[in-house]
Amino acid sequence: MLFAVACCMQANAAALREITLTGKVLTEGNSEPLPGVTVVISDVNGGNKQGATTDEAGAFSFANLQTETRYNLEFSYIGFEKQSLNNFLLTEANASSIEIKLKETAANLGEVVVVGYGTTVKKDITGSVKSLKSAEFNQGIINSPEQLLQGKVSGVNITSATGEPGGKSSITIRGPGGVRTGSTPLFVVDGLALDNSGTGGDTNPLNFLNPQDIESMDVLKDASATAIYGARGANGVILITTKKGKTGQASVTYSGTLGISTLARPLNVLSGPDFISEAGKLGGTIINKGADTDWQKEISRTATTHNHNVSIGGGTDKMTYYGSFGAQKQQGILKGSQQDRYTGRINLTQKLLNDRVSLDINLNATNTQNKKPNVQSMIGGAVTANPTYAPYGEDGLPFQYEDGTNPLISLKLYKELLSTNRVLASISPSVTIIKGLVYKLNFGLDHATSVQDKQTLPNTVPYEIGRLENWSNKNSNRLIENYLTYTTNTKNHSFSALVGHSYQHLLVQQRNFSINKFPISDIEPIYNPGLGQEIDLVLNQPGGFARINELQSFFGRATYGFKDRYLATATLRVDGSSKFGANNKYGYFPSFSVGWRISEEAFMKSSPFSDLKLRAGWGSTGNQEIPSKITQARFTSVVSGTTSYPLDGGDTYPAGTTYTRLANPNIQWEVSRQTDIGLDFALFKGALSGEIDYFSKTSQKILLEVIPADPVQPAGTFWTNVPDMKIVNQGLEIDLNYRNSTESGLRYGFGGNITFMKNNVTNSPYSVIPSGSAQGSGLTSATINGYINNEPIGTFFLKEHIGFDDKGISQFRDVDGDGIISDKDRIAAGTAIPTRMYNFNGNVSFKGFDLSANFNGVAGNNVYDNTANSNFYKLKLSKGVNVTREALNDAGESVNNSAPVSTRYLKNGAYLRLNNLVLGYNLNTTKLGINKWVQTVRLSVTGQNLFLWTKYDGYDPEVNNDRQINGITSYGIDYLSYPKAKTVLFGLNVGF
């Protein structure tokens, strides 16, 4: 008996041997080796996970595995579909038999795309939708989600209006469509629609979201795709999906970058010797202190950015989890500017009751600290200060010149601090009632608070009394949605239907106070406001406001497919908003689209097309991004001799109550109607793929604050829908991508997109609606932009500069021929909105190395150089103010010539930018012998904004200094804007 047991144990020991598993990964179709593929092996329960990377021959191996044991293997590589080999029984006979073929995703028709209130697959989409996964995002120092998309999606124009850390960006999808309603699309994060209101300070409200947590971004461009969001979808919709955990043993990843940034393009102002020489030619009396100071260099620095992110994910069949923590410390290239951001995220998914119930929980918390100097004052001083002055005195402190300004003084005396806390949380349980019928509840909360302080220290030279300004902000956004989804599929038919209800409550609140006159001490006013001595309400009257808005919506969608080739989608959303009057509280927004998958027809089976789909859609969306309560009357009570009179015969005036706004219950939704015709195609087994779209979007019932026609009115202005006025955007979008590989393992791809767009304002009852004001001495009341009939939004409405007369004084074209130069002689001189936007990119990889480049540009637009208009002309130089070389180009200009707003300072805003250049290397952890502990290691170097080709001689043509008039958006104005940086980042990514 003992002998038999011993024999059995020896037999099992012989059967369960430790061996090495080897295999190969190839491309589908041409069966070429695929290096750099990540291979992860684990036991069938997800434990004992190991990772490896294929070599140049596409081979991988795992040592010390036990025979007669079952394993799961996963294969993943950028640009290819993930593939799994589950429940693989390892034996000596099959230890070297694994051969996996990965399929490219260039035209992956089964790719899941997020649409409003659900998902679909790419082949079934009938609207204009572009989906980007995390591997396709822009790289570099990224502060907010829209920067990940810049140049990646046709029809989407993203302008980083400033180079400041955390600064705002502007984004339009298929052109701006409103006057007072803005152009920012609706952002939806994990099903929670965000409010576009600012969260305090001049910062981007979207920088609370860690880009490393984003799994995908889906851009809904046409009305047939966005109409499911009704009133919120007129400017397009961007759906952001964050990362979720996956079944299996916990995986931990770390990513870190170190960025080094410098001023990309300093202005070409005169050096010390040139300043003295050129000023002398003009006969000015110039003080020469003997120095040669580069003031732009003095206020800027080589800035560093540290970014660290740690994430953990995993789970079982019933519960998955994902958690992350991110920390970013970004110095601005201007001294005194910095942003610190700390983010934490938890995503959980739990399945219950035999998977009939699913519960999704998402929680994101962010703390952001922003510090900034007085940017315009510091830059204005740096580009105009006398370069012969030295920046520091013998004591090492910034030297104050009595006849000039040292820009370092404002850096010493002034600063802004902004602290923002934001929590985004949602819980979404769903229940499968019967097969195909699912009920889902979505409850979300977005809560942000911020405190902003602006401080000026008391000082003797220059004299400052000291001042503290404080703002407290609160934003609260609550959303609750209930909807039912039904899906059914047969051999030839597929059908789905969605019906739901949504309620959203939005609160924006602000309080502010200020205190003057602080003693000079070591205690800054920001830390003890009680030291302020001037607390009367004459100059320091506290203020504040609160806005509450509610949205209630009913929505539905139906989709139908026949034989996987004929597709149709119809949606309807009914929106009610508290912003509108009692007579037009609700708006109705339908859409309809169809698709024909031509490639599925029998006559196409021998064609080179692997996919060919024609689609067309029409839809209506609304816009309600206007101030709250404008439909209601407003009164004000003031004690003054113009609003009341004495009732006692003396000089005691009681409060007088007057109208400041009349009630208008007839105000209704601004409406955008859009038509889209598109063609999706893929050739040569998906190697070449692309999309072509023609669109036409018309916005009407334009919401605007106007002056009453009847002069006998108690209020100076009122809000209304301007009859017949329209804003039309038309365009063509082309998107192409190509991928290929060689037998040697070299892989490469290139692609790009271009958008041709035309914007036009028609039937406006006004000759011009001013929309952009100038800044600078003598320019305060001048306007730059305007909304003009039969011209695009963002048109520059200016006097035309035609040169100088014999006395060197500027001349302007007399358009109306009356012999007098006045505002009647202004002309439409071009637009700030590009007529062409384009992007092209390329990538190549070989033996673990990969290189990618991304270029983006615009054309057909102008920029108004308000900086040059207010600072750079001969008169300034003759008075001891530094200028650029451009100011001296006109030999015939007199030193007595002023510089009013005109086309003289209107410049070509076209550019081409090398936005991203990335070189990376994936280490072979198997060869290094660390694959049991470390699955993946990637090293990378990224260049951001490395080269810029443009005729514009300011800091950067990609600019939009917000110079709105009465809330009417301005475009393309550059005034002492925070310059952009040129950055190199060194990155490390490790997966455990």
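Residues numbered from 1 in each chain as written. Predicted model: local features only at pLDDT ≥ 70, side-chain atom pairs only at ≥ 80, totals over all residues. Heavy atoms only, no water.

Asker: So what's going on with the overall build of the protein? Which residues, and what values?
Answerer: A tally of regular secondary structure across the protein gives 9 helices and 49 strands. Relative to the globule expectation of 30 Å for 992 residues, the C-alpha radius of gyration of the protein, 32 Å, shows essentially globular dimensions. Each principal axis of the C-alpha distribution contributes one length, and for the protein these read about 120 × 70 × 60 Å. Burial status across the protein gives 52% buried among its 992 residues. Counting contacts in the protein only where the partners sit at least 6 residues apart, residues at least 24 apart contribute 70% of the total. Distance between charge centres in the protein, computed from 89 positive and 86 negative side chains, equals 5 Å. (Helix = DSSP H or I, 4+ residues; strand = E, 2+ residues; numbered from the N terminus. Rg over C-alpha atoms; globule rule 2.2 N^0.38 Å. Buried < 20%, exposed > 50% of the residue type's maximum accessible area, 1.4 Å probe, protein only. Contact = heavy atoms within 4.5 Å. Lys, Arg positive; Asp, Glu negative; His and termini not counted. Charge placed at Lys NZ, Arg CZ, Asp CG, Glu CD.)

Asker: Go over the environment of Ser822 with me, naming the residues and quoting the values.
Answerer: Summarising the element assignment, Ser822 is placed in the loop between β40 (810-812) and β41 (827-831). By relative accessible area, which is 22% here, Ser822 ends up partly exposed. Remark: the alpha-carbon pair of Ser822 and Phe812, spanning 10 residues in sequence, is separated by 9.6 Å.

Asker: If you had to explain the pairing of strand β21 (residues 357-372) to someone new, which residues and values would you point to?
Answerer: The pairing of strand β20 (residues 338-352) with β21 spans 15 bridges and is antiparallel. Bridging across to β21, Gln339 finds its partner in Asn370. Count of turn residues in the β20/β21 antiparallel hairpin: 4 residues, of which Leu353 carries a positive phi of about 50°. As defined by bridge partners, β21 adjoins strand β22 (residues 414-434) across 16 bridges and the pair is classed as antiparallel. From the neighbouring strand, Asn367 faces β22, where its bridge partner is Asn421. (Pairing = 2+ DSSP bridges.)

Asker: Lay out helix α6 (residues 375-384) in plain terms, naming residues and giving numbers.
Answerer: For α6, a buried count of 8 out of 10 residues is recorded, marking the element as mostly surrounded by other parts of the structure. Here α6 has its buried residues at Val375, Met378, Ile379, Gly380, Gly381, Ala382, Val383 and Thr384. For α6, the elements touching its buried residues are α5 (295-299), β21, α7 (407-413) and α8 (866-871).

Asker: Describe the sheet that holds strand β5 (residues 69-76), with residues and values.
Answerer: A sheet is described by the order of its strands in space; here 4 strands give the open sequence β3-β2-β5-β6, paired in antiparallel fashion. What marks the edges here is a single partner per strand, and that holds for β3 (50-53) and β6 (83-90). Going across the sheet, the axis of each strand differs from the next one's by a mean of 25°, ignoring polarity. Sheet topology places β5 next to β6; 6 bridges connect them, and they run antiparallel. Bridge pairing in β6 places Phe75 opposite Gln83. (Axes fitted to C-alpha atoms, helices over the stretch in contact; angles between N-to-C directions.)

Asker: Can you break down the side chain of Asn157 residue by residue, with the values?
Answerer: Positionally, Asn157 belongs in strand β11 (residues 156-160). Residues contacting Asn157, with those up to four places away along its chain left out, are Ser170, Ile171, Thr172, Pro834, Met837 and Val858.

Asker: Can you explain the confidence of the model for the protein? Please cite residues and give values.
Answerer: The share of residues in the protein with pLDDT of 70 or more is 94%, and the mean pLDDT across the chain is 85. Below a pLDDT of 50 lies the segment residues 1-14, which in the model reaches 0 contacts outside its immediate sequence neighbourhood of four places, other chains included. (pLDDT = per-residue confidence, 0-100.)

Asker: Describe the sheet that holds strand β16 (residues 237-242), naming the residues involved and giving the relevant values.
Answerer: What the 5 strands build is an open sheet, ordered β10-β15-β16-β13-β14; its pairing is mixed. Looking at the sheet topology across the chains shown, the edges are occupied by β10 (129-133) and β14 (192-193). The pairing of strand β15 (residues 214-220) with β16 spans 6 bridges and is classified as antiparallel. Pairing of Ile214 across the sheet is with Thr242, part of β16.

Asker: Report on a nonpolar patch on the surface, specifying residues and quantitative values.
Answerer: On the surface, Leu258, Ile260, Val844, Phe849, Leu851, Leu917, Leu919, Val941, Val984 and Phe986 cluster together into a nonpolar patch covering about 750 Å² of accessible area. At the level of elements, β17 (248-263), β43 (849-859), β46 (911-922) and β49 (981-991) are the ones that each hand at least two residues to the nonpolar patch. Checked against the element boundaries, Leu258 lands in strand β17. (Patch = residues over 30% accessible without salt bridge, like charges linked within 9 Å, V, L, I, M, F, W, Y side chains within 5 Å. Areas by Shrake-Rupley, 256 points an atom, 1.4 Å probe, with all protein chains shown as cover. Salt bridge = Lys/Arg side-chain N within 4 Å of Asp/Glu carboxyl O.)

Asker: Pulling in residues and values, what's your account of the packing of aromatic side chains?
Answerer: Applying the stated criterion across every chain yields a total of 14 aromatic pairs. With 5.7 Å between their ring centres and 85° between their planes, Phe589 and Trp669 make a pair best called edge-to-face. In this pair, Phe589 is assigned in strand β28 (residues 586-597) and Trp669 in the loop between β31 (656-661) and β32 (670-683), connecting sequence segments 80 residues apart. Three or more aromatic residues joined by ring pairs make a cluster, and in this case those are Tyr117, Tyr229, Tyr483 and Phe555. Here Arg422 stacks its cationic end above the ring of Phe208, 4.1 Å away from the centre of that ring. For the cation-ring pair, Arg913 lies above Tyr911, with the distance from its terminal atom to the ring centre recorded as 5.0 Å. (Phe/Tyr/Trp six-rings, centres within 6.5 Å; stacked < 30°, edge-to-face > 60°. Lys NZ or Arg CZ within 6 Å of the ring centre and 35° of its normal.)

Asker: Summarise helix α4 (residues 272-281); cite the residues concerned and give the values.
Answerer: Taken together, the buried positions of α4 are occupied by Gly272, Phe275, Glu278 and Ala279. The buried residues of α4 occupy an angular sector of 135° when projected down its axis, which confines them to one face. Facing away from the buried surface of α4 by more than 90 degrees, the exposed residues are Pro273 and Lys281. Turning to α4, the residues buried within the fold contact α9 (874-878). (Arc of directions from axis to C-beta.)

Asker: Break down the pairing of strand β9 (residues 118-121) for me, with residues and values.
Answerer: Where strand β8 (residues 112-115) lies against β9, 4 bridges are found, and the strand directions are antiparallel. When the sheet's bridge partners are listed, Val114 is paired in β9 with Thr119.

Asker: Please set out the side chain of Asn897 residue by residue, giving values where relevant.
Answerer: Tracing the backbone shows Asn897 in the loop between α9 and β45 (906-908). Among the polar contacts listed, one links the side chain of Asn897 to the side chain of Glu893, at a separation of 3.1 Å. If we skip the residues at most four places from it in the chain, Asn897 touches Phe804, Gly808, Ile809, Ser810, Tyr873, Leu875 and Arg904. (Polar contact = N/O pair within 3.5 Å; in protein donor to acceptor, adjacent residues only side chain to side chain.)

Asker: So, the pattern of salt bridges: which residues are in play, and what are the values?
Answerer: Within this structure, the stated rule accounts for 35 salt bridges. Notably, a salt bridge pairs Lys613 with Asp680, separated by 3.8 Å at the nearest N-O pair. With Lys613 in strand β29 (residues 609-623) and Asp680 in strand β32, this residue pair connects regions lying 67 residues apart in the sequence. No difference in accessibility class separates Lys613 from Asp680, as the two residues are buried. Its salt-bridge partner being Asp693, residue Arg615 comes within 2.8 Å of it at the nearest N-O pair.

Asker: I'd love a proper account of unusual backbone geometry, names of residues and values included.
Answerer: The phi dihedral of Asp190 falls on the positive side, at around 50°, and the residue is not glycine. With respect to the helices, strands and loops of the structure, Asp190 is situated in the loop between β13 (186-189) and β14. A relative accessible area of 14% places Asp190 in the buried class. Phi at Lys701 is positive, roughly 55°, even though this residue is not glycine. Along the chain, Lys701 turns up in strand β33 (residues 688-706).

Asker: Break down the environment of Ile173 for me, with residues and values.
Answerer: Tracing the backbone shows Ile173 in strand β12 (residues 169-173). In this structure Ile173 comes out as buried when scored by relative accessible area, which is 2%. Through-space distance from the C-alpha of Ile173 to that of Val237 is 8.5 Å; in sequence the pair is 64 residues apart. Setting aside residues up to four positions removed in sequence, Ile173 forms contacts with Gly155, Val156, Pro185, Val219, Leu220, Lys221, Asn235, Gly236, Val237, Ile238 and Lys697.

Asker: If you had to explain the environment of Ile240 to someone new, which residues and values would you point to?
Answerer: Mapped onto the secondary structure, Ile240 falls in strand β16. The buried category is assigned to Ile240, whose relative accessible area is 2%. On a C-alpha basis, the gap between Ile240 and Leu614 in space is 27 Å, while along the polypeptide they are 374 residues apart. Beyond its immediate sequence surroundings of up to four residues, Ile240 is in contact with Pro145, Phe187, Val188, Val189, Asp190, Leu209, Ile214, Ser216 and Met217.

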